[in-house]
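Report on the structure
So the chains spell out like this:
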Amino acid sequence: MADRRRRGRPSAVIGRRSTPYLYLLPAFVVYAGFLLYPLLRSFQFSLYDWPGFGPSTFVGLGNYVDLMGDERFRDAIWHSLVLIFFYAILPLVVGLVLAAVLRRGRVKGLKFFRVVIFMPQVIALVVVAVAWHQIYSPRGLLNDVLDFVGLGHLARGWLGDPDLALPAVGMIGFWLSTGLVMLLLLAGMGRIPNDLFEAARLDGAGPVSEFFAITLPSVKAEITTALVLTIIAALKTFDLVYVTTSGGPGTATTVPSYEVYNRAFNLKEVGSASAVAIVLTALVFLINVVISRIGEEKVVAR
């Protein structure tokens, strides 16, 4: 009997160890069905010259080779990198300053203020794009304000100017991202013990010294999270570009996500569109892996 019990123990242990994987299986099936399978199919399509219907021709990596010499695609990649500045870098700088001021100043009604600055995150992007399209129009609110303050000579059709269309779209992204970034940083700053600030002030540290010595090192994890979220948003921007400029004027605001749509549905180049989608996916993955690794190393070092 004792031998039988000892023999039965390993199987019981193995069963207990394998149970968590069984719990994860349904989630993995959903993940594979809605993400991995479409991704693999997109990669398969990228190996063919196919208009979306009828026969297809296998071209191997030909679509990827063509992208390397495609000036429109290179412009789209460059535009998405420019949008990273407006979606991620600029909101991070402004969000850090505003969050530090609010944290130090103990502003009354902070909860209401948080709700207000988070509002852009709960508004549909199409609605945001339509509203800002009206603001930027030649007879829109922005030009009316410029006329009112005596700067009417600066008024123009902002989204129709090849030099200003991309920054104009980027400023919409800045408006969208700043509230989210500031809330993340405020949450991180709220966990900093007040004793650290009191000790710094007793040592004669000013607001700037407090910020760089205490606040900034304490929110590095939140900074990493904010950068990952906003960079992903910048690289996959489609709604704003489609509604406001449709990639124009010319190719001044075309981005990879819009290129996927344009090549697949307008140019009937599904293989090329799939190649753009795969390259964009790889770019998003690589950039965010690098940021996450750098953030993890700094947090561990701290």
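Residues numbered from 1 in each chain as written. Predicted model: local features only at pLDDT ≥ 70, side-chain atom pairs only at ≥ 80, totals over all residues. Heavy atoms only, no water.

What about the overall build of the protein chain?
Counting its regular elements, the protein chain contains 13 helices and two strands. The C-alpha atoms of the protein chain give a radius of gyration of 25 Å, which is well past the 19 Å a tight globule of 302 residues would have. Seen through its C-alpha atoms, the protein chain measures out along the principal axes to roughly 95 × 75 × 30 Å. In the protein chain, which comprises 302 residues, the proportion classed as buried is 35%. Look at the contacts in the protein chain between residues 6 or more apart in sequence, and 69% of them connect residues 24 or more apart. Split by element, the accessible area of the protein chain, about 18,000 Å² in all, is 68% carbon and sulfur. Charge centroids of the protein chain, computed over 27 positive and 20 negative side chains, lie 17 Å from each other. (Helix = DSSP H or I, 4+ residues; strand = E, 2+ residues; numbered from the N terminus. Rg over C-alpha atoms; globule rule 2.2 N^0.38 Å. Buried < 20%, exposed > 50% of the residue type's maximum accessible area, 1.4 Å probe, protein only. Contact = heavy atoms within 4.5 Å. Areas by Shrake-Rupley, 256 points an atom, 1.4 Å probe, with all protein chains shown as cover. Lys, Arg positive; Asp, Glu negative; His and termini not counted. Charge placed at Lys NZ, Arg CZ, Asp CG, Glu CD.)

Considering the packing of aromatic side chains
The tally for this structure, following the rule as stated, stands at 12 aromatic pairs. Between the aromatic rings of Phe85 and Phe86, the centroid separation amounts to 5.3 Å while the plane-to-plane angle is 85°, which identifies the pairing as edge-to-face. Relative accessible area serves as the criterion here: at 41%, Phe85 is assigned to the partly exposed category. Judged by centre distance (5.6 Å) and plane angle (35°), the rings of Tyr261 and Phe265 are tilted. Taken together, the positions of Tyr261 and Phe265, both in helix α12 (residues 256-266) and four residues apart, correspond to about one turn of that helix. Overall, the relative accessible area of 54% leaves Phe265 in the exposed class. Put simply, the rings of Phe238, Tyr242, Tyr258, Tyr261 and Phe265 pair up and form one aromatic cluster. Against the face of Trp158 rests Arg156, its NZ or CZ located 5.7 Å from the ring centre. (Phe/Tyr/Trp six-rings, centres within 6.5 Å; stacked < 30°, edge-to-face > 60°. Lys NZ or Arg CZ within 6 Å of the ring centre and 35° of its normal.)

Some remarks on α12
For α12, the complete set of buried residues consists of Pro256, Ser257, Tyr258, Glu259, Asn262, Arg263 and Ala264. Phi turns positive one or two residues past the end of α12, at Lys268, with a value near 60°.

Brief notes about the nonpolar core
Considering soluble globular proteins, one finds that nonpolar side chains tend to be buried as a cluster. Grouped together as the largest cluster of nonpolar side chains are 49 residues, with contacts concentrated most on Leu96, Leu185, Met189 and Leu240. If you tally residues by element for this core, the top one is helix α7 (residues 165-190), at 11 residues. Within the second largest apolar cluster, eight residues are counted, among which are Leu47, Tyr64, Leu67 and Val276. (Core = buried A, V, L, I, M, F, W, Y, C linked by side-chain atoms within 4.5 Å.)

Some details on the pattern of salt bridges
Counted under the stated rule, the structure contains six salt bridges. Taking the shortest distance from any N to any O, the salt bridge between Glu222 and Arg191 comes out at 2.2 Å. Remark: Arg191 occurs in the loop between α7 and α8 (194-202) and Glu222 occurs in helix α10 (residues 220-235); sequence separation between them is 31 residues. Exposure remark for Arg191: the relative accessible area of 58% places this residue in the exposed category. In this structure, Arg263 and Glu259 form a salt bridge, with 2.9 Å as the shortest nitrogen-oxygen distance. In this pair, Arg263 and Glu259 both sit in helix α12, four residues apart, roughly one turn of the helix. Classification of Arg263 by relative accessible area gives buried; the value is 4%. (Salt bridge = Lys/Arg side-chain N within 4 Å of Asp/Glu carboxyl O.)

Description of unusual backbone geometry
Cis geometry is adopted by the peptide bond preceding Pro249, which originates at Gly248 and carries an omega value of -5°. Looking at the secondary structure, you find Pro249 in the loop between α11 (239-244) and α12. The backbone phi angle of Ser246 is positive, close to 55°, even though this residue is not glycine. Following the sequence through the fold, Ser246 ends up in the loop between α11 and α12.

Observations concerning the side chain of Asn63
Structurally, Asn63 is set in helix α2 (residues 62-68). For Asn63, a relative accessible area of 9% puts it in the buried group. Here Asn63 is in contact with Phe45, Ser46, Leu47, Tyr48, Gly271, Ser272 and Ala275, once residues within four sequence places are set aside.

With respect to helix α4 (residues 110-122)
An α-helix turns once every 3.6 residues. As a result, residues three or four positions apart point the same way. Compared with the 18 Å implied by 1.5 Å per residue over 13 residues, the 19 Å span of α4 between its first and last C-alpha is a close match. Maximum bend of α4: about 25°, positioned at Val116, with proline Pro120 one to four residues after it. Along α4, the residues that are buried comprise Leu110, Ile117 and Pro120. (Expected span 1.5 Å × (residues − 1). Bend = angle between axes of the 7 residues up to and from the residue.)

A look at the packing of helix α9 (residues 207-218) against α10
At a minimum axis separation of 5 Å, α9 and α10 run at an interaxial angle of 55°. By the angle between their directions, the pair α9 and α10 is classed as oblique. Together, Leu216, Pro217 and Ser218 of α9 and Lys220, Glu222 and Ile223 of α10 make up the contact between the two elements. Of the residues in the contact of α9 with α10, the class split is three nonpolar, one polar and two charged. (Axes fitted to C-alpha atoms, helices over the stretch in contact; angles between N-to-C directions. Parallel < 35°, antiparallel > 145°, perpendicular 65-115°, else oblique. Nonpolar A, V, L, I, M, F, W, Y, C, P; charged D, E, K, R; others polar.)

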